[in-house]
Amino acid sequence: MSPTSTPIAAPSAVSDEPVTVARETPAWMITTLSVVCVIGAWEFFGRGVDPIFGSYPSAIAAAGWDLLKSGLLGRALWQSMQAFLVGYGLSIIVGVPLGLLIGRSRTLEAAIGVFITAAYAMPLVALVPFLVLLLGLGFAVKASVVFLMAVFPIVINTWLGVRAVPKTLIEVGKSFVASDFTILRRIVLPATIPYIMAGIKLAVGRAVVAMVIAEFFTAISGLGGIIINSANNFDTARMFVPVIVLMVLATLLNGLVGWIERRVAPWQTEMSGRDGG
Amino acid sequence: MSTNQVSFTDVSKVFALRVDNQVQKISALKSVSFEVGQSEIVTLIGPSGCGKTTALRILMGLETASRGNVMVAGKMVKGCGYDRGLVFQHAELLPWLTALQNIMFGLELKGMRGAELKDTAMRYLDLVGLKDAANRRPYQLSGGMKQRVGIARALAIDPEVLLMDEPFGALDAQTRESLQGELLEIQARTKKTIVFVTHDLDEAVLLADRIIVMRGGSVQEIIKVDLPRPRGDLGTLRGSKEFAETRYVVWKALHNANEQRH
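Quick caveat: nothing in here was measured; it's all calculated off a predicted structure.

Novice: Before we move on, could you go through the overall build of chain A and cite the residues and values that matter?
Specialist: Across its full length, chain A holds 11 helices and 0 strands. In terms of overall size, chain A is more extended than a compact globule, its C-alpha atoms giving a radius of gyration of 26 Å where 277 residues would be expected to give roughly 19 Å. Summarising its shape, the C-alpha atoms of chain A cover approximately 100 × 60 × 25 Å along the three principal directions. For chain A, the residues scored as buried account for 38% of the 277 residues in total. Contacts spanning at least 24 positions in sequence make up 75% of the contacts within chain A whose residues lie at least 6 apart. If you sum the accessible surface of chain A, you get close to 16,400 Å²; carbon and sulfur atoms cover 69% of it.

Novice: Break down the environment of R186(A) for me, citing the residues and quoting the values.
Specialist: Along the chain, R186(A) falls in helix α8 (residues 180-217). A polar contact is formed between the side chain of R186(A) and the side chain of E108(B), at a distance of 3.1 Å.

Novice: Tell me about the sheet that holds strand β6 (residues 84-87) of chain B, and name the residues and values.
Specialist: Residue and element names in this part refer to chain B. On the basis of which strands lie adjacent, the open sheet formed by 6 strands has the order β6-β7-β8-β3-β9-β10 and mixed pairing. Edge positions in the open sheet fall to β6 and β10 (218-224), since each of these has one partner strand only. Recorded for the sheet is a direction-independent mean angle of 20° between the axes of neighbouring strands. Note that strand β3 (residues 41-45) and strand β9 (residues 210-215) share 4 bridges and pair parallel.

Novice: Explain the packing of helix α3 (residues 72-104) of chain A against helix α10 (residues 236-264) of chain A to me, and be specific about the residues and the numbers.
Specialist: When two helices pack together, you describe them by how their axes are tilted relative to each other and by the distance separating the axes. All names here are of chain A. For the pair α3 and α10, the least separation of the axes is 12 Å and the interaxial angle reads 40°. In terms of orientation, α3 lies oblique with respect to α10. Crossing geometry of α3 relative to α10 is assigned as right-handed. Seen from α3, the contacting residues are L72, L73, L77, M81, F84 and Y88; seen from α10, they are R238, V241, V245, L249, L253 and V257. A breakdown of the residues in the contact of α3 with α10 according to their chemical character gives 11 nonpolar, no polar and 1 charged.

Novice: Just give me the short version of the environment of G216(B), but keep the residues and values in it.
Specialist: Residue and element names in this part refer to chain B. Structurally, the position occupied by G216 is in the loop between β9 and β10. Linking G216 and K30, residues 186 residues apart in sequence, is a C-alpha distance of 8.3 Å. For G216, the residues in contact, after removing those within four places along its chain, are K30 and C50.

Novice: Let's hear about the interface of chain B and chain A: which residues, and what values?
Specialist: Each side of the interface is counted separately: chain B has 22 residues, and chain A has 20 residues. On the chain B side of the contact with chain A, W96(B), F105(B) and Y139(B) bury the most area, a combined 32% of that side's loss. A salt bridge links E171(A) to R57(B), with the nearest nitrogen and oxygen atoms 2.6 Å apart. Where chain B meets chain A, there are 4 residue pairs in polar contact (both at pLDDT 80 or more). Taken together, the elements giving at least two residues each to the side of chain B that touches chain A come down to α1 (52-60), β6 and α2 (99-110) of chain B.

Novice: Pulling in residues and values, what's your account of the packing of α8(A) against α10(A)?
Specialist: Residue and element names in this part refer to chain A. Direction vectors running N to C along α8 and α10 enclose 165°, while the axes themselves pass 10 Å from each other. One element, α8, and the other, α10, form an angle in the roughly antiparallel class. The chirality of how α8 crosses α10 is right-handed. Mapping the contact onto sequence places I193, P194, M197, I200, K201, V204, V208, M211 and V212 in α8 and L246, A250, L253, N254, V257, G258, I260, E261 and V264 in α10. Per-class residue counts for the contact of α8 with α10 are 14 nonpolar, 2 polar and 2 charged.

Novice: Hey, could you go over a nonpolar patch on the surface for me, with residue numbers and the actual values?
Specialist: Residue and element names in this part refer to chain A. There is a patch of nonpolar side chains on the surface, built from V86, L90, I93, V94 and F139 and spanning about 430 Å² of accessible area. No other element matches α3, which puts 4 residues into the nonpolar patch. Along the chain, the position of L90 falls in helix α3.

Novice: Tell me about the nonpolar core, residues and numbers included.
Specialist: Ranked by internal contacts, the top residues of the largest apolar core, which has 145 residues, are F84(A), Y88(A), F8(B), M164(B) and I211(B). The leading source of residues in this core is α8(A), at 17 residues. Look past the residues within four positions of M164(B) in its chain and what remains in contact with it is L56(B), V87(B), I151(B), L183(B), I194(B), V195(B), F196(B) and V197(B). In terms of nonpolar packing, the next biggest core, distinct from the first, is built from 8 residues, I102(A), I116(A), I156(A) and W159(A) among them.

Novice: So what's going on with the sheet that holds strand β2 (residues 22-37) of chain B? Which residues, and what values?
Specialist: All names here are of chain B. Strands sit in the order β2-β1-β4-β5 across an open sheet of 4 strands; the sheet is antiparallel. Single-partner strands in this sheet number two, and they are β2 and β5 (75-76). Alignment of strand β1 (residues 4-19) against β2, held across 12 bridges, turns out to be antiparallel. Note that in β2 the partner of A16 across the bridge is K25. Strands β1, β2 and β4 (67-72) of the sheet are contacted by α1, whose axis makes an angle of about 115° with β1.

Novice: Please provide a residue-by-residue account of the pattern of salt bridges, values included.
Specialist: For the structure shown, the criterion picks out 21 salt bridges over all chains. Residue K52(B) is joined to E166(B) by a salt bridge in which the shortest nitrogen-to-oxygen separation is 3.8 Å. Separated by 114 residues along the polypeptide, K52(B) in helix α1 and E166(B) in the loop between β7 (161-165) and α5 (173-190) bring together distant segments of the chain. Considered together, K52(B) and E166(B) belong to a single accessibility category, that of buried residues. Across the salt bridge formed by E63(B) and R57(B), the nearest N and O atoms sit 3.0 Å from each other. Where salt bridges share partners, they join K167(A), E171(A), R57(B) and E63(B) into one cluster.

Novice: So, the layout of surface pockets: which residues are in play, and what are the values?
Specialist: Residue and element names in this part refer to chain A. In this model, the largest pocket occupies a volume close to 480 Å³. T31, V35, V38, I39, W42, P57, I60, I244, M247, V248 and T251 together form the lining of the largest pocket. Counting residues per element, the ones that place at least two in the lining of the largest pocket are α1 (27-46), α2 (57-69) and α10. In terms of residues, the lining of the largest pocket owes the most to one element, α1, which gives 5 residues. Of the residues assigned to the lining of the largest pocket, the class counts are 9 nonpolar, 2 polar and no charged.

Novice: Summarise α1(B); cite the residues concerned and give the values.
Specialist: Of all 9 residues in α1(B), 8 are buried, a share of seventy percent or more. What α1(B) keeps buried is the set K52(B), T54(B), A55(B), L56(B), R57(B), I58(B), L59(B) and M60(B).

Criteria and thresholds
Residues numbered from 1 in each chain as written. Chains lettered and ligands numbered in written order. Predicted model: local features only at pLDDT ≥ 70, side-chain atom pairs only at ≥ 80, totals over all residues. Heavy atoms only, no water. Helix = DSSP H or I, 4+ residues; strand = E, 2+ residues; numbered from the N terminus. Rg over C-alpha atoms; globule rule 2.2 N^0.38 Å. Buried < 20%, exposed > 50% of the residue type's maximum accessible area, 1.4 Å probe, protein only. Contact = heavy atoms within 4.5 Å. Areas by Shrake-Rupley, 256 points an atom, 1.4 Å probe, with all protein chains shown as cover. Polar contact = N/O pair within 3.5 Å; in protein donor to acceptor, adjacent residues only side chain to side chain. Pairing = 2+ DSSP bridges. Axes fitted to C-alpha atoms, helices over the stretch in contact; angles between N-to-C directions. Parallel < 35°, antiparallel > 145°, perpendicular 65-115°, else oblique. Left-handed = near helix turned anticlockwise from the far one by under 90°. Nonpolar A, V, L, I, M, F, W, Y, C, P; charged D, E, K, R; others polar. Buried area = accessible area lost by both parts, 1.4 Å probe. Salt bridge = Lys/Arg side-chain N within 4 Å of Asp/Glu carboxyl O. Patch = residues over 30% accessible without salt bridge, like charges linked within 9 Å, V, L, I, M, F, W, Y side chains within 5 Å. Core = buried A, V, L, I, M, F, W, Y, C linked by side-chain atoms within 4.5 Å. 1 Å grid on protein atoms, 1.4 Å probe; cavity = no way out; pocket = protein on both sides within 12 Å on 5 of 7 lines; lining within 4 Å. Points joined across faces, edges and corners; volume = space filled by probe spheres on them.

Following this line, the structure appears as C-alpha cells:
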C-alpha cells in the first residue's frame, strides 16, 4: 500500500480576529516626568538649605536670567564653545582614523596600543599646569586639554570596533580583489560605525569636563570662569548656572550624535531594534 | 575531456595549530587531485572536517596550498581573482548596502562605472528574481533572498568558475529546494562552471555532474551522476528510480568514508 495524503485548504493570511495593539508610554514622556520630579524635589528640599551651601532651581533660574540679560552668560558660552568645538572636532578627526589603523595593523597595535590604553587613564588634571608651561594660558591650551580628554575613548572604541568586524566580511572584500585600503574604507569603516558613535558619545562628557578644568587652571574665562568666580563670592545659585548649562549642553550633544548615527547608519538601529523603544 | 576549467593537482594543506604551547600540524588536505570541466557542476561532499571547505578556499585564493598546483582557466591561482566568484555560506551581504548596491560592490571593485554599473547589477538581480527588492537592505530580506543576492553578486563579475560553500545549508527545506532549482536554471542559461561544497546527499545528487566524496583530507571516490541534463522538475527527479540509485551509490561511498574514519 502506498502512503496517502489528504489536502487541507490553507486559512487566509489576513485575519479579521480582534487584536489589541499594546499602547506604551513614549520614552520622552517618561524622561520628562522623571526630570520634573527631580527638579520638583530639589526645589522642595533645597529651600531649607543655607544659600551659601546650596541652592534650588528657582533661585538658579533667577541668577541665570540675570547672567543672560547682562550678556555675560552668552559671552562665556561662546568662549567655552570655541575651545570645546576645536578640541572635540580634532579628537574625532584624529581619533577615528587612528583607531581604524591600530585595529587593522598588528604592528601598529603592538607598537602604540599600549600608549593609547595608558593615556586613557592619564590624570589629565595633574598635567594641565605642564600644558600651560608649553602652550601658555590662551585658547591653544584649552583646546588641547579638551582634545586630550576626548581623543582616547574615540580611538579605543574605534579600535575595539575594528577588532569586532566579522572575518567573513573582510573575506568578501578579498574575494573581489579589494586592496587593504578599500577594505578599510568600504568594509571596516561602515561596519565599525556603531562603535565609533559610542566612542564619540562617551567623549562628549569627557570633553565638557576637560573644558571646565582648563578654564579653572588657565586664564579664568568662559563658563568655568563664571563657576570659579561665583564660588569665590559664595554666590552658589550663580555658580550652578553654568553647571546646569553644561549638563544640558552635553545631553543635547549626545542627542545630536545619536540623531547623526541614525542618519548615517540606519541599518544599525533597525537591526538592533529594541522592543518598545 | 576537452578543457579543464579547474585543475587541482596533488594539493596538500597543513595548518599549524598551537595546543598547550606545542605546535601541532594538522593535515587538512593530503594530495588532493581533481579536475572540473567547462560548464560542469561538481559537488564536494563529505563529513565535517573532511577538507571540502579548505579545498574550496584554496581554489578561491583565500588560503594557500602547502604543496601542489591549482589552475583555473589555464592560469595558476595566486590569491583571489575575478575569474572566480565565491558564494558564502551565510551570504555575507554588507548590511549597510541595499541588495542592488551589494551587487554593485563587486562590479565597482572590478572597475565598472557609470550607467553600465547599475544596469549590470540590475540585470543580475533580475536573474535571481529579486528585481523588486533592489532597494531593500539585507535585514529586510529573508534567508533565501539574501543567498539569491549572494549568488547574483558572485555571478555579476562574470567569473569563469562559480564557487559555492554550503550556500543552502542554513536555509529551510522548501527554500533550499527552490534555490536548487533556480541555480540549475541559472547554470543552464549562463553555462557557468560550478564547484559546490555541501554535506547534503540529496543536494549533491540533484545538482552535480560529478560528485567528489572526501574523507580525512583526501578524495575517497569520484562518482559520475548519470541523470539527464537539464534536470527538469526536481520534484519528479527526486521520485525517480535513477535518482534513488545514484543516491544510494553516493550514500554507500559516504558510509564507507565514515566507517573508515571511526
